[in-house]
Amino acid sequence: MSLRKTLPIHPGRWLAIALALLLAGCQMQPPEPPDEDKAAIDRMLGLLDERLDVAPLVAQSKWNSGAPIEAPEREAQILDQVAEDAEAAGVDEDFARRFFEKQFEASKQIQRRLHHQWLQEGRSTFADPPDLAEEVRPVLDRLTPQLIDSLADIQRIAAVEGSGRYLERRAAELVQDDFDGEPRNVSIQPLLERLAR
Ligand SMILES: C=C(O[C@@H]1C=C(C(=O)O)C=C[C@H]1O)C(=O)O
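- As named in an unreviewed UniProt entry, the protein is chorismate mutase, taken from Billgrantia antri.
- According to its UniProt record, the protein has this under Pathway (unreviewed entry): "Metabolic intermediate biosynthesis; prephenate biosynthesis; prephenate from chorismate: step 1/1."

See below:
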């Protein structure tokens, strides 16, 4: 039996079939946010990465001074400022609060892991540790208003289809994956909860 008989499709039909397949393929692609929303998400992820990078400096400074990793009065002070700035930027206060609480958690996770590691290694003090109050906390304080501006962007694009999926994918590229990426996951969690898939 010839091929022509087993597959009796008129040559002209192939074009229609190819077009139909192409269209079906397009519909199967998950939606992507517009470029400017992608840029806003990338900006947020860059800031999260910068904030996580500060944690080892905090850990060094506390290793030398013996200060506790948990500093609840410092967290409360940041949250007061956050509440004020969030209101001015039109960011939902509960969202901002939860977001920063997760950033504290991620930072403390890194600090605890490092202290644990240094304890195991029997590490002595660092020769030239950064000063927590004078050098390290000011870096975090400079990031806070930038993060709040970025939260305003995130809030604006929260309903954009595919924004959560895009953030998750880009986090793997733009945010450090130290300690098996656990601090990264903690830091992006409040954003993933907010953004549409
Ligand atoms: C970074 C510090 O350690 C912890 C984490 C904080 C943060 O991420 O901003 C704030 C206070 C501490 O509970 C610090 O003491 O400054």
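### Regarding the pattern of salt bridges
Working step 1: Here the structure, examined in full by the defined rule, presents 16 salt bridges.
Working step 2: Measuring nitrogen to oxygen at the nearest pair gives 3.1 Å for the salt bridge that ties D141 to R74. Taken together, the positions of D141 in helix 6 (residues 132–156) and R74 in helix 4 (residues 72–89) put the pair 67 residues apart, joining distant regions of the chain.
Working step 3: For R74, a relative accessible area of 9% corresponds to the buried category.
Working step 4: A salt bridge links K108 to E75; the shortest N-O distance between them is 2.8 Å. Here K108, found in helix 5 (residues 93–121), pairs with E75, found in helix 4; they are 33 residues apart in sequence, far enough to count as distant.
Working step 5: A relative accessible area of 12% means that K108 is categorised as buried.
Working step 6: Salt bridges here are not isolated pairs; linked through shared partners, they connect E70, E75, K108 and R112.

### Observations concerning the packing of aromatic side chains
Working step 1: Evaluation of the coordinates by the stated rule reveals 3 aromatic pairs.
Working step 2: Look at W118 and F126: their rings are 4.8 Å apart centre to centre, the planes differ by 70°, and that puts the pair in the edge-to-face class.
Working step 3: You can call W118 buried: its relative accessible area is 8%.
Working step 4: Note on F126: relative accessible area 14%, which makes it buried.
Working step 5: Taken together through their ring pairs, the aromatic side chains of W63, W118 and F126 make up a single cluster.
Working step 6: Lying across the ring of F95, R194 places its NZ or CZ 4.5 Å from the centre.

What counts as what
Residues numbered from 1 in each chain as written. Predicted model: local features only at pLDDT ≥ 70, side-chain atom pairs only at ≥ 80, totals over all residues. Heavy atoms only, no water. UniProt positions renumbered as here; feature names shortened; annotations may be inferred. Salt bridge = Lys/Arg side-chain N within 4 Å of Asp/Glu carboxyl O. Helix = DSSP H or I, 4+ residues; strand = E, 2+ residues; numbered from the N terminus. Buried < 20%, exposed > 50% of the residue type's maximum accessible area, 1.4 Å probe, protein only. Phe/Tyr/Trp six-rings, centres within 6.5 Å; stacked < 30°, edge-to-face > 60°. Lys NZ or Arg CZ within 6 Å of the ring centre and 35° of its normal.

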